[in-house]
Every structure is written in C-alpha cells, then in structure tokens.
Amino acid sequence: MTARFLQIGPHRLEYAWQGEPGPRALVLLHEGLGCVGLWRDFPRKLADATGLPVFAYSRANYGRSLPTAPLPRPVRYMHDEALLLPEVLSAAGISEAVLFGHSDGASIAILHAAAHAVRGLVLEAPHVFAEDLSLASIAKAREAYELGDLRKRLSRWHEHVDAAFWGWNGPWLHPGFRGWNLTGCLPSIRAPALLVQGEADEYGTLAQVEAVRRGLRGRVETLALPGVGHAPHRDREAEVLEATARFVRSLA
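Within each chain, residue numbers correspond to sequence positions counted from 1 in written order. Per-residue local features are limited, in this predicted model, to residues with pLDDT of at least 70; the limit for side-chain atom pairs, both in listing and counting, is 80 or more; totals at the level of whole chains, interfaces and linings are taken over all residues. The side-chain values count all of the structure's non-hydrogen atoms but skip hydrogen atoms and water molecules.

Novice: Would you explain the packing of aromatic side chains in this entry?
Specialist: The geometry of an aromatic ring pair is captured by two quantities: the separation of the ring centres and the angle between the planes. What counts as a ring pair is set by centres within 6.5 Å for rings of Phe, Tyr and Trp (its six-membered ring), and what kind of pair is set by the plane angle: stacked under 30 degrees, edge-to-face over 60, tilted for all other angles. Applying the stated criterion across every chain, the model contains 13 aromatic pairs. A ring pair is formed by tyrosine 145 and tryptophan 166, whose centres lie 5.7 Å apart and whose planes are at 85°; its orientation type is edge-to-face. Residue tyrosine 145 is located in helix H4 (residues 132–147), and its partner tryptophan 166 is located in helix H6 (residues 161–172); the two are separated by 21 residues in the primary sequence. Given the relative accessible area of 5%, tyrosine 145 is considered buried. Under the scheme applied here, a residue whose accessible area is under 20% of the maximum for its type counts as buried, over 50% as exposed, and between as partly exposed, the area being computed with a 1.4 Å probe on protein chains only. Relative accessible area serves as the criterion here: at 25%, tryptophan 166 is assigned to the partly exposed category. Consider the rings of phenylalanine 177 and tryptophan 180, whose centres lie 4.9 Å apart with planes at 20°: the pair is stacked. Each member of the pair, phenylalanine 177 as well as tryptophan 180, is classed as buried. Taken together, Tyr15, Trp17, Phe55 and Tyr57 form an aromatic cluster joined through their ring pairs. Criterion for a charge above a ring: Lys NZ or Arg CZ within 6 Å of the ring centre, and within 35 degrees of the ring normal. Positioned above the aromatic ring of tyrosine 62 is the side chain of arginine 59, whose terminal nitrogen or guanidinium carbon lies 5.5 Å from the ring centre. Segments assigned H or I by DSSP are reported as helices when at least four residues long, segments assigned E as strands when at least two residues long, and all are numbered from the N terminus.

As structure tokens, then:
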C-alpha cells in the first residue's frame with residue numbers, strides 16, 4: 001500500500017488503497033495505537049479475500065498524519081473522530097462503505113453507523129463501555145511507555161509518537177472516562193454486523209460483544225476465538241479473513 005495524504009480542514013491524513021479505488025469499499029479504522037502501516041499486509045489479503053478494494057487511513061496524530069488533534073484530547077475524542085469520518089469517506093470517493101473497525105476503530109464505526117448509512121460493520125474487539133480490565137491494561141501501557149521500551153517500539157510507526165500515545169492513553173485514564181458509554185447508539189444501527197472477539201483479550205471481555213449484540217437491530221454474526229488476544233486479525237488471520245469474506249458476500 002503506497003501512502004498518500006488527504007487534506008481535510010487542518011488535518012493532513014495519511015491514507016492508502018489496496019486494489020482499485022471505487023465508491024464501494026472496505027474501510028479500515030485502526031485501533032488506539034494503530035495506523036496505516038500497522039495493518040501490515042492484512043489489507044492486501046482482505047482485498048483478495050473479499051473482492052473489494054480496501055481503504056485505510058491514519059487518524060490525526062497517528063502514523064504519518066500530522067499532529068493536528070491537540071492534547072489533551074477530550075474523553076469524547078472518538079465522537080470527534082466519528083464526526084470527521086464522513087468527510088474522509090467523501091474525500092476518498094467512497095459512498096458505500098463496509099467499515100472494519102478494530103478496538104477504538106470499532107467504537108468509531110459504531111458512532112458513525114448510528115448516524116449514517118453503511119453497508120455493513122465488522123467490529124473487532126469493540127468497546128461500548130469502560131471495563132476495569134481495559135483500564136488496568138491501559139494503565140500498564142502507560143507504565144511501559146514511560147519506563148519501558150514501548151515508546152521506542154511505537155516510534156517505528158508514528159512520526160509524532162507522543163501525540164499518538166497520549167491522545168489515546170490520556171482520555172482512557174481520565175476519571176471521566178468511567179462514565180463513557182455507547183450502548184445508547186446501538187439501536188439506531190440497522191446495518192448487518194460481524195463481531196470478532198478474542199476470548200483472551202487483555203483490553204476487553206465478551207461482555208462488550210454481548211452488549212453490542214443485544215443493542216443492534218440488524219443481523220448480527222459473532223466470531224469468538226479462544227486463546228486469542230486483542231488483535232484477532234493478526235493472531236488468527238485466516239479465520240478472520242474467511243469470516244469477513246463470507247460476511248461481505250452476504251451483503252451483495
């Protein structure tokens with residue numbers, strides 16, 4: 001994937017296509033510390049498996065995108081990202097999106113789909129409320145960033161690594177985040193959804209998936225993977241690709 005840039009207001013956002021760009025596409029929404037590069041070769045394999053072009057972009061502060069989301073970011077930062085997503089899709093020429101969101105990206109996909117039509121949702125390790133497990137793991141990530149080698153490892157992928165890390169970690173560990181909750185958005189979504197969750201996810205439990213399943217009004221499929229952590233698309237790639245391809249074919 002060759003990265004290019006979109007200019008949307010003050011934001012210069014890194015993006016890349018896999019496959020021939022078109023109005024109907026799979027759109028990848030990365031996790032809280034992700035970016036275009038951290039999807040690695042998954043977009044190519046996803047395009048091959050589904051027959052759809054795949055569009056990925058790095059949100060402001062991430063990857064090679066400019067650090068135009070000022071710190072400290074608010075507790076509702078994912079709502080802000082969801083408000084920007086229609087402009088990103090329009091600039092990319094995408095009018096029929098299947099959103100594939102991972103972690104924070106899944107939450108952003110939920111917020112977008114509650115207000116805008118999408119063809120389908122693939123929600124990997126979604127968050128719709130704050131769990132003690134999530135907050136404890138994010139606190140450990142802060143310690144690893146300040147005292148360990150996490151900053152060095154992330155700097156390989158993010159040009160503005162402090163903006164990327166603190167823009168994610170700060171809001172989650174703010175006392176106000178304990179009241180963050182997206183379950184009220186779910187009944188507004190009519191699009192079919194595939195929910196993907198690792199049963200050993202250190203950032204969330206199956207309670208997240210169950211809350212999403214109960215709240216959605218469209219068709220819901222679930223792929224729960226025993227022994228898998230926070231990134232099923234990396235840890236059990238073949239199964240995630242197969243389930244996603246089958247789900248996308250069902251949308252035709």
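Novice: Would you take a moment to explain unusual backbone geometry for this structure?
Specialist: The bulk of non-glycine residues show a negative phi, and the bulk of peptide bonds are trans. Looking along the chain, the bond that leaves leucine 71 and enters proline 72 is cis, with omega of -5°. As for its placement among the helices and strands, proline 72 is situated in the loop between strand S4 (54–57) and helix H2 (77–92). Although it is not a glycine, asparagine 61 sits at a positive phi angle of roughly 90°.

Novice: Please explain the pattern of salt bridges as it appears in this structure.
Specialist: Two side chains of opposite charge can pair, provided their charged atoms sit close to one another. By salt bridge we mean one thing: a side-chain nitrogen of Lys or Arg within 4 Å of a carboxyl oxygen of Asp or Glu. A full pass over the atoms with the stated rule returns 16 salt bridges. The shortest N-O distance in the salt bridge between arginine 44 and aspartate 41 comes to 3.7 Å. We classify arginine 44 as partly exposed; its relative accessible area is 38%. The salt bridge partner of aspartate 162 is arginine 151, with a shortest N-O separation of 2.9 Å. Of the two residues, aspartate 162 sits in helix H6 while arginine 151 sits in helix H5 (residues 150–154), which places them eleven residues apart along the sequence. When salt bridges that share partners are traced, they join Asp41, Arg44, Lys45, Asp48 and Glu237 into one network.

Novice: Would you explain the packing of H2 against helix H3 (residues 104–113) in this entry?
Specialist: Each pair of packed helices can be summarised by the angle the axes make with each other and by the distance between the axes. The geometry of H2 relative to H3 is characterised by a closest axis approach of 9 Å and an angle of 70° between their N-to-C directions. Considering the angle they form, H2 stands roughly perpendicular to H3. Considering the relative orientation of H2 and H3, their crossing is right-handed. In this structure, H2 uses Tyr77, Met78, His79, Glu81, Ala82, Leu85, Pro86 and Leu89 to contact H3, whose residues at the interface are Asp104, Ser107, Ile108, Leu111 and His112. A fitted line through C-alpha atoms serves as each axis, taken over the contacting stretch for helices, and the angle formed by two N-to-C directions is quoted from 0 to 180°. Roughly parallel refers to an angle under 35 degrees, roughly antiparallel to one over 145, roughly perpendicular to one between 65 and 115, and oblique to any angle outside these ranges. Whether a crossing is left-handed or right-handed is set by the direction in which the near helix is turned from the far one by less than a right angle, anticlockwise for left-handed and clockwise for right-handed. Pairs of residues are marked as contacts when any of their non-hydrogen atoms sit within 4.5 Å.

Novice: I would appreciate a short explanation of the layout of surface pockets in the present structure.
Specialist: In this structure, the largest pocket encloses a volume near 600 Å³. In terms of lining residues, the largest pocket is bounded by 26 residues, among which Glu31, Leu33, Leu150, Leu154 and Arg234 are the most central. Counting only elements with at least two residues in the lining of the largest pocket, the list comes to H4, H5, H6 and helix H8 (232–235). Partitioning the lining of the largest pocket into residue classes produces twelve nonpolar, seven polar and seven charged. A 1.4 Å probe that fits into a set of points on a 1 Å grid over the protein atoms alone but cannot get out defines a cavity; an open set with protein on both sides within 12 Å along at least five of seven lines defines a pocket, and lining residues are those with an atom within 4 Å of a point. Grid points are joined across faces, edges and corners, and a volume is the space filled by probe spheres set on the points. Nonpolar residues are Ala, Val, Leu, Ile, Met, Phe, Trp, Tyr, Cys and Pro. Charged residues are Asp, Glu, Lys and Arg, and all others, Gly as well, are polar.

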